[in-house]
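# Results of the structural survey
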Amino acid sequence: MSCTFCEIARGERDAYKVYEDDDTLVILDIYPVSKGHLLVIPKEHHEAIEDMPATLLKKVWLVASAMAKLYRKELRAPGVNVLNNSGRAAGQIIFHFHVHVIPRWEGQEIGKHTRHHLQDDEARDVVASVKPFASKYVSELLSSSMK
Ligand SMILES: [Zn+2]
């Protein structure tokens, strides 16, 4: 059975990446609900939150938190949603665990109606604004979690 996120993790499928390390990958959601909507993905395949090993689960949430912090502090987002959908009933569409990081911008509502197909110029814009800071925010948070 093919898995979109496993294919991306193995480099067999293209994605807009803003961060990558040995265990995790951060890509742009191809159907963002707001500009800058990111997905944090473990490289190892686990279907949902209840299947995730604790150490990897912690790492993914720390990376997601670092992205949220980056949006708040570096890109001045007035808010950010960090969430996981586990199970079809919760809206999970790709059955490979992932955490959504959805920056909120002033005066912009989000919802099903704001989901749109990611355009190349929007994607390039987001990558250019997030990628330069991603490693710094992740490594700061990971190192502080070791203390
Ligand atoms: Zn997978």
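The coordinates are above.
Below is a summary of the structure that appears in this document.

The rules behind these values
- Residues numbered from 1 in each chain as written.
- Predicted model: local features only at pLDDT ≥ 70, side-chain atom pairs only at ≥ 80, totals over all residues.
- Heavy atoms only, no water.
- Core = buried A, V, L, I, M, F, W, Y, C linked by side-chain atoms within 4.5 Å.
- Buried < 20%, exposed > 50% of the residue type's maximum accessible area, 1.4 Å probe, protein only.
- Helix = DSSP H or I, 4+ residues; strand = E, 2+ residues; numbered from the N terminus.
- Contact = heavy atoms within 4.5 Å.
- Pairing = 2+ DSSP bridges.
- Phe/Tyr/Trp six-rings, centres within 6.5 Å; stacked < 30°, edge-to-face > 60°.
- Polar contact = N/O pair within 3.5 Å; in protein donor to acceptor, adjacent residues only side chain to side chain.

The subject of this paragraph is the nonpolar core. Residues V26, L28, L38, V40, M67 and V130 are the most contacted members of the largest nonpolar core, which totals 30 residues. Elements with a minimum of two residues in this core: β1 (17-20), β2 (24-28), β3 (38-42), α2 (54-74), β5 (99-104) and α3 (120-145). With near-sequence residues (within four places) excluded, M67 lies in contact with Y19, V26, L38, V101, V130, A134 and V138. C3, F5, I27 and L39 belong to the second-largest nonpolar core, a separate cluster that totals eight residues.

With five of six residues buried, β5 is to be regarded as a mostly interior element. In the sheet, β3 pairs with β5 via three bridges, with the strands oriented antiparallel. Bridging from a neighbouring strand, L39 pairs with H100 of β5. Both strand β4 (residues 79-83) and β5 contribute to a ladder of five bridges, which runs antiparallel. Looking at the pairing, N81 lines up with I102 of β5.

Looking now at the packing of aromatic side chains. Tallied over the full model, the rule gives one aromatic pair. Ring centres 6.0 Å apart and planes at 80 degrees place the aromatic pair Y71 and W105 in the edge-to-face group. One end of the pair, Y71, is in helix α2; the other, W105, is in the loop between β5 and α3, and 34 residues separate them in sequence. For W105, a relative accessible area of 23% puts it in the partly exposed group.

Tracing the backbone through its elements, the reader meets H37 in the loop between β2 and β3. Looking at H37, its side chain comes within polar contact range of the main-chain nitrogen of V33, at 3.1 Å.

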